[in-house]
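Take a look at the letters that make up each chain.
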Amino acid sequence: MDAWLVQARGSKFQEGSSEARQFAEVNLDWAGTELERLQRFVTPDFPVVFCHNDLLAANMMENMETGKLHLVDFEYGGFNFRGFDIANHFNEWAGGTEASNPSGTTDYTLFPSQDQMRAFCQTYLAEMGLKEDRDLDQLLLEVRIFLQINHLYWGLWAVNMAASEGCTSFAYLSYAHNRFNEFRRRQAEGAP
């Protein structure tokens, strides 16, 4: 993420364009400060596993015969913190990146409830043979921290995509603003 922040700081847009105006409203110094602050919450006991890193609905397919869920499109796959992958999945409930929504608009009223997140994490841990309350509490803590980090991650991604691909086919800078604004909203409600 630090590399994405450096890349975003070097972004250039045509002077006077709507993209240049939107980019001027992105406070990358704020994002860098928040990223540094949140990284202090990540401790060595947070497990690192192979992660999909882009668990949105379009990257999941259900086998209608077996009911099994299969993940597809491992473009961003690699080793990462398990809490990041699960937090990303929860944040993706709000949408904003689907092809039918080129405006990049997110809807956080679709965000899972505490009970839904707890049930998901219990199922995840049960698949690994872990059923202790302390395991669930630890995973929920990780997810809580990475919910915020995830907003910075995809916000920076969107700034960099806007700089490299433009905003003709997708409103990357609007999406970045949506993610950064949700970060601020959640923080005001007590998130790390």
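Structure report, in brief. Here the residue numbers are simple positions, counted from 1 along each chain's written sequence. It should be noted that, the model being predicted, local features are given only for residues of pLDDT at least 70 and side-chain atom pairs only at 80 or more, the latter also being counted only at that level, while totals for whole chains, interfaces and linings use all residues. Only hydrogens and water are set aside; all other atoms, that is, all heavy atoms of the structure, feed into the side-chain values.

## Here we look at the overall build of the protein chain
Here comes step 1: A run of DSSP states H or I qualifies as a helix once it reaches four residues; a run of E qualifies as a strand once it reaches two. Both are numbered from the N-terminal end. Of regular secondary structure, the protein chain possesses 7 helices and 4 strands.
Here comes step 2: Each helix and strand of the protein chain, placed in order from N terminus to C terminus, yields the pattern α-α-α-β-β-β-β-α-α-α-α.
Here comes step 3: Across its three principal directions, the C-alpha atoms of the protein chain cover 55 × 40 × 30 Å.
Here comes step 4: Three exposure classes are used, based on accessible area relative to the maximum for each residue type with a 1.4 Å probe and protein chains only: buried under 20%, partly exposed in between, and exposed over 50%. In the protein chain, buried positions account for 46% of the 192 residues.

## Observations regarding the environment of Asn27
Here comes step 1: Its place among the elements puts Asn27 in the loop between α2 (18-24) and α3 (28-39).
Here comes step 2: Considered as a pair, Asn27 and His177 are 150 residues apart in the sequence and their alpha carbons are 9.8 Å apart.
Here comes step 3: In protein, a polar contact requires one atom able to donate a hydrogen and another able to accept it; more generally it is a pair of N or O atoms within 3.5 Å, and residues adjacent in sequence count only if both atoms are side-chain atoms. One polar contact links the side chain of Asn27 to the main-chain amide nitrogen of Asp29, over a distance of 3.2 Å.

## Concerning the packing of helix α6 (residues 133-165) against helix α7 (residues 172-188)
Here comes step 1: Orientation is described by axes fitted as lines to C-alpha atoms, over the contacting stretch for helices, and by angles from 0 to 180 degrees between their N-to-C directions. For the pair α6 and α7, interaxial distance at closest approach is 8 Å and the crossing angle is 160°. Of the possible angle classes, the one that applies to α6 and α7 is roughly antiparallel. In the crossing of α6 with α7, the sense of the turn from one axis to the other is left-handed.
Here comes step 2: Here the residues of the contact of α6 with α7 are counted per class, giving 15 nonpolar, 5 polar and 4 charged. Just so you know how the angles are binned, under 35 degrees is roughly parallel, over 145 roughly antiparallel, 65 to 115 roughly perpendicular, and the rest oblique. Note: crossing handedness is left-handed where the near helix turns anticlockwise from the far helix by less than a right angle, and right-handed where it turns clockwise. For this scheme, ten residues count as nonpolar: Ala, Val, Leu, Ile, Met, Phe, Trp, Tyr, Cys and Pro. Four count as charged, namely Asp, Glu, Lys and Arg, and the remainder, Gly too, count as polar.

## Quick look at the pattern of salt bridges
Here comes step 1: Salt bridge, as used here, is a side-chain nitrogen of Lys or Arg placed within 4 Å of a carboxyl oxygen of Asp or Glu. Under the defined criterion, the tally for this structure stands at 6 salt bridges.
Here comes step 2: The residue Glu34 makes a salt bridge to Arg37 at a minimum N-O spacing of 2.6 Å. Highlighted residues: Glu34 and Arg37, both in helix α3, separated by 3 residues, approximately one helical turn.
Here comes step 3: Of the residues examined, Glu34 reaches a relative accessible area of 10% and is grouped as buried.

## A look at the packing of aromatic side chains
Here comes step 1: Aromatic pairing here means that ring centres of Phe, Tyr or Trp (its six-membered ring) are within 6.5 Å. Orientation follows from the plane angle: under 30 degrees is stacked, over 60 is edge-to-face, and everything else is tilted. Taken as a whole, this structure holds 19 aromatic pairs when the rule is applied.
Here comes step 2: Relative to Phe23, the ring of Phe13 has its centre 5.1 Å away and its plane inclined at 45°; by these criteria the two rings are tilted. A residue pair is termed long-range when its members are at least 10 positions apart, and Phe13 in the loop between α1 (2-9) and α2 and Phe23 in helix α2 qualify at 10 residues.
Here comes step 3: With relative accessibility at 18%, the residue Phe13 sits in the buried group.

## So, α6
Here comes step 1: Given the number of residues in a helix, its expected span is that number minus one, multiplied by 1.5 Å. With 33 residues, α6 extends 46 Å between its outermost C-alpha atoms, agreeing within 8% with the 48 Å of an ideal straight helix rising 1.5 Å per residue.
Here comes step 2: What the bend at a residue measures is the angle between two axes, fitted to the seven residues ending there and to the seven starting there. The sharpest bend along α6 measures roughly 30° and falls at Leu147.
Here comes step 3: Directly after α6, the chain includes Gly166, whose backbone phi takes a positive value near 80°.

Read these as geometric descriptors, not functional statements.
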